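# Fold and geometry: a report
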Amino acid sequence: MRQQIIQEIARSVVAAGGVENIVRSLVEATARGTGAKGCTLFALREQDGALTPHVSCGVGEVYLQRGQIIADHALRQVLKGNSLFIWDANADPRIVRREELKREGISSIVFLPFRDRRGVRGLMRLYFDEPRKFGREDLDFLNSVTELCGAILEMAEERELVIRDAEETRRTLVRMQDERRHFLSFLSMVAHDLKSPLVAVQGYLKMLLRKASDRLDERLLQGIRRSIQRIDGMMELISDLLELSRLESGQVLAELKEVSWEEVLSAAVEMAHELADPRGIHVASDIQHPLPKVFASDIRLQQLILNLVSNSVRFTPRGGRITIRARRDDDRVVVSVEDEGTGIEPQKLPHVFEEFFKGDPESPEGTGLGLSICKRIVDLHHGEIWAESPVPETGRGTRVTFAIPVGVTCDLRDRWKLGETGAETPSLWRMGVRGSQGGDRV
């Protein structure tokens, strides 16, 4: 129980802060309570085993810096955890600097080791200007005081290490964010530079296919068609990379405004039909009205739903069904896109929102960025997104669900992004601020 009480007191002291002042007060109170001339707390340096004064009262600084005052064998016993009481410092053979003690007016000395969970970490030295004697109970109590000092210093050291590690982690995170931002800026520039010549090549190949197909043999026509398909895939990748760059850099924050969920879903369902009908896939909707307005980007919410629909279209056979559902759930709107497709393998399901993740790396369809972009759009609105496969109710297909909080969801931490993008801050913030709440198909 004694050890537990000491640990709890030390924990409270460290949590309250001002550790050095509290340790000093503890040393001074010990000196006053025992009637000592002075008291010093020495810390044991790990690198060389030297004892250095940590906190002291009642004795001169020059005296403290002159080094060891007891013989090596006596000091070793103290550092093994044994208390040492010198009743007559002027005559005891274990004292190696008696003249200096005499000049300081010191007659008796108590050496008390203090320890933490790793062992002895130093000692407390009490000085008396007249011979003193201590009983076993007195020494036990003084040992408790030194144990408390050791526990406080250990916890303070651990806390300092945690603070240093946290600060280093924060600096590393900031550096990584800066590097990522620079990389995405470079990526955006390269993507823009690639897009123009690819559009030109794509246009030329399509014109060639349209105007000269009757003069080319089938082998050349197949080569042109494959080239156009490859360019289409590259154009999709470039578009996704540009979109990822815009989302990461905060450019879309300027789009945030009060929007109607009803209008967003109506437009998304209409465009979903345009994606699915040519593939012979039926699109159904189950929207519970009315739905509230939300502070969001209507463009990105529509893009989010269409990305999910597009993903489902790729993996749903002709004649299948894709269902878009939406409902209000307390202070958020929950939207899901469910299909009757091939589903996702259980071991791949946790990775579907990762960048460039594709269940089939050899598949020419998809860039591996679709669901990653979806997650970033949801994160922008401080919501959450998850995938289920197979759908629990049907035992087949996949359902991706996201939830967006109702009301204002722009976070104060996004202000720096608004400054970078040059957005008009007042128009974004006039509605007030609420804190944040808290890959392609394979």
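Anything mentioned here points back to the structure above.
Here the focus is the overall build of the protein. Across its full length, the protein holds twelve helices and twelve strands. Within the span of the protein, comprising 442 residues, buried residues form 45% of the whole.

All right, on to a nonpolar patch on the surface then. On the surface, a cluster of nonpolar side chains totalling about 330 Å² of accessible area is made up of Phe183, Phe186 and Met189. Mapped onto the secondary structure, Met189 falls in helix α6 (residues 136-211).

With that out of the way, let us pick up the packing of helix α9 (residues 298-315) against helix α10 (residues 370-380). At a closest axis distance of 9 Å, the pairing of α9 and α10 adopts a crossing angle of 150°. Classified by the angle their axes make, α9 and α10 are roughly antiparallel. Where α9 crosses over α10, the two elements pack in a sense that is left-handed. Counting all contacts with α9, which are made through Arg300, Gln303, Leu304, Asn307, Leu308 and Asn311, the residues of α10 involved are Gly370, Leu371, Ile373, Cys374, Ile377 and Val378. For the contact of α9 with α10, a count of residues per class yields seven nonpolar, four polar and one charged.

Once that is clear, we can look at the nonpolar core. In this structure, Trp261, Ile305 and Phe402 are the most contacted members of the largest nonpolar core, which totals 48 residues. If near-sequence neighbours (up to four positions away) are discounted, Phe402 is found in contact with Trp261, Leu304, Ile305, Leu308, Val333, Val334, Val335, Val378, Glu384 and Ile385. One finds Val27, Leu41, Leu126 and Phe128 within the second-largest nonpolar core, a separate group that totals 24 residues.

Spatially, the five strands line up as an open sheet ordered β2-β1-β5-β4-β3, and their pairing is antiparallel. Among the strands making up the open sheet, the edge pair consists of β2 (51-57) and β3 (84-86). Shown here is a sheet whose adjacent strand axes are inclined to one another by a mean of 20°, direction ignored. Bridge analysis of β3 against strand β4 (residues 108-116) gives three bridges, and the strand direction is antiparallel. Within the sheet, the bridge partner assigned to Ile86 lies in β4 and is Ile109. Those strands touched by helix α2 (residues 19-34) are β1 (38-44), β2 and β5 (119-128), and its axis lies near 70° from that of β2. Packing of helix α4 (residues 72-79) onto the sheet brings it into contact with β1, β2, β3, β4 and β5, and relative to β5 it is tilted by some 120°.

Let's shift gears to α4. Burial in α4 covers these residues: Ala74, Leu75 and Val78. Down the axis of α4, the sector holding all buried residues measures 100°, keeping them to one side. Here the buried face of α4 lies against β2, β3, β4 and β5.

Here Thr40 shows up in strand β1. Contact partners of Thr40, with chain neighbours within four places excluded, come to Pro53, Val55, Ser56, Val59, Leu64, Leu123, Met124, Arg125 and Tyr127.

What follows deals with the side chain of Ser108. With respect to the helices and strands, Ser108 occurs in strand β4. There is a polar contact of 2.5 Å between the side chain of Ser108 and the backbone oxygen of Trp87. Those residues in contact with Ser108 that lie beyond four places of it in its chain are Phe85, Ile86, Trp87, Leu126, Tyr127, Phe128, Glu130, Pro131 and Arg132.

Criteria and thresholds
- Residues numbered from 1 in each chain as written.
- Predicted model: local features only at pLDDT ≥ 70, side-chain atom pairs only at ≥ 80, totals over all residues.
- Heavy atoms only, no water.
- Helix = DSSP H or I, 4+ residues; strand = E, 2+ residues; numbered from the N terminus.
- Buried < 20%, exposed > 50% of the residue type's maximum accessible area, 1.4 Å probe, protein only.
- Patch = residues over 30% accessible without salt bridge, like charges linked within 9 Å, V, L, I, M, F, W, Y side chains within 5 Å.
- Areas by Shrake-Rupley, 256 points an atom, 1.4 Å probe, with all protein chains shown as cover.
- Salt bridge = Lys/Arg side-chain N within 4 Å of Asp/Glu carboxyl O.
- Axes fitted to C-alpha atoms, helices over the stretch in contact; angles between N-to-C directions.
- Parallel < 35°, antiparallel > 145°, perpendicular 65-115°, else oblique.
- Left-handed = near helix turned anticlockwise from the far one by under 90°.
- Contact = heavy atoms within 4.5 Å.
- Nonpolar A, V, L, I, M, F, W, Y, C, P; charged D, E, K, R; others polar.
- Core = buried A, V, L, I, M, F, W, Y, C linked by side-chain atoms within 4.5 Å.
- Pairing = 2+ DSSP bridges.
- Arc of directions from axis to C-beta.
- Polar contact = N/O pair within 3.5 Å; in protein donor to acceptor, adjacent residues only side chain to side chain.

Function cannot be inferred from these measures alone, as they are strictly geometric.
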